[in-house]
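Listed below, chain by chain, are the residues.
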Amino acid sequence: MGERSDRWRRRGGRVVVVAAAALGLWAWGCGEDVRRGGGDGTISADGDGARWNNATQPTEDRTAADGDCGDALESGAMELLNAERAAAGLGSLTCHLDMLEVARDHSDDMIAREFFDHINPDGEAPWDRMDRHGVFGWKTVGENIAAGQTTAREVHGDWMNSPGHRANILTPEFTHAAIGVGQDAAGTLYWTQVFAQF
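Please read these numbers as outputs of a predicted model, since none were measured by experiment.

Enquirer: I would appreciate a short explanation of the state of the cysteines in the present structure.
Expert: Taken as a whole, this structure holds one disulfide when the rule is applied. In this model C69 forms its disulfide with C95; the gap between the sulfur atoms is 2.0 Å. Across the S-S bond of C69 and C95 the torsion is about 75°, and the bridge reads as right-handed. Of the two residues, C69 sits in the loop between β5 (63-64) and α1 (72-87) while C95 sits in strand β6 (residues 94-96), which places them 26 residues apart along the sequence.

Enquirer: Is there a simple way to think about the pairing of strand β8 (residues 176-183) in this case?
Expert: Working note: regular strand, side chains alternate between the two faces of the sheet. Counting buried positions along β8 gives seven out of eight residues, so the element sits mostly inside the fold. Bridge analysis of β6 against β8 gives two bridges, and the strand direction is parallel. Residue pairing across strands places T94 opposite H176, the latter belonging to β8. Pairing of β8 with strand β9 (residues 189-197) involves eight bridges; the strand directions are antiparallel. Each bridged residue has a counterpart across the sheet, and for I179 the counterpart in β9 is Q193. Where β8 folds back on β9, the antiparallel hairpin that results is connected by five residues, among which G187 adopts a positive phi of roughly 95°.

Enquirer: What is the right way to look at the nonpolar core in this model?
Expert: Generally speaking, a soluble globular protein has its nonpolar side chains buried in company with each other. Membership of the largest hydrophobic core comes to 36 residues, with the highest contact counts inside it found for M78, L81, M99, M130 and W191. With five residues, the single largest contributor to this core is β9. Membership of the second largest hydrophobic core comes to seven residues, among which are M110, I111, I145 and Y190.

Enquirer: Where do I start with the packing of aromatic side chains in this structure?
Expert: Centre distance and the angle of the planes are the two values used to describe a pair of aromatic rings. Enumeration over the complete set of coordinates arrives at two aromatic pairs. Geometrically, the ring pair formed by F174 and F195 is stacked, given 5.2 Å between the ring centres and 20° between the ring planes. One end of the pair, F174, is in the loop between α5 (163-169) and β8; the other, F195, is in strand β9, with 21 residues separating them in the sequence. For F174, a relative accessible area of 3% puts it in the buried group.

Enquirer: Just to check I follow, could you spell out the pairing of strand β7 (residues 140-147) for this structure?
Expert: For β7, a buried count of eight out of eight residues is recorded, marking the element as mostly surrounded by other parts of the structure. Neither face of β7 is exposed, since T140, G142, N144 and A146 on one face and V141, E143, I145 and A147 on the opposite face are all buried. Pairing analysis gives eight bridges linking β7 to β9, with the strands arranged antiparallel. The partner of A146 across the bridge, within β9, is W191.

Rules used throughout
Residues numbered from 1 in each chain as written. Predicted model: local features only at pLDDT ≥ 70, side-chain atom pairs only at ≥ 80, totals over all residues. Heavy atoms only, no water. Disulfide = S-S within 2.5 Å. Helix = DSSP H or I, 4+ residues; strand = E, 2+ residues; numbered from the N terminus. Buried < 20%, exposed > 50% of the residue type's maximum accessible area, 1.4 Å probe, protein only. Pairing = 2+ DSSP bridges. Core = buried A, V, L, I, M, F, W, Y, C linked by side-chain atoms within 4.5 Å. Phe/Tyr/Trp six-rings, centres within 6.5 Å; stacked < 30°, edge-to-face > 60°.

Function-wise, these values are silent; they only describe arrangement.
Structure representation (structure tokens):
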């Protein structure tokens, strides 16, 4: 496996975490995964160049306080994210409501099409989903995904115990984030955490 790939699973349950760090524009993977789709990649994009950036800034009416960023699970995960950043001396990330839809959409898509990856079966990457949902003006995008955790505290702990996910959570340059949760028919939760610098 490549040293940049970042995934693990817990015995006795399906707990999988995958990070997409925001360190440039690259893709990396090992080819082996516990789900269809090869979800072992690490992927990111920066906003240098017209392809990845748009001059439009997010509108203020599409942001919310971290305590009001989706349902109880999503808001709880956002609160833990900002508490972690505060403990590290970093600024809080603002919840961007359009990014919340990006995150929810990806979690639901992974469930519906039975894959676990940052790149969906159509070849769409995190920044493509941002564009599709009308989130423009970003300089950098990052994404963490996970499946199987039952609480915000559990998924946050798993992400913080994984170097790639922790790096996304503690990236000083990020300004906005959102966490979207989906649930499959068996009750398994899928988590997508999206970050951006505007």
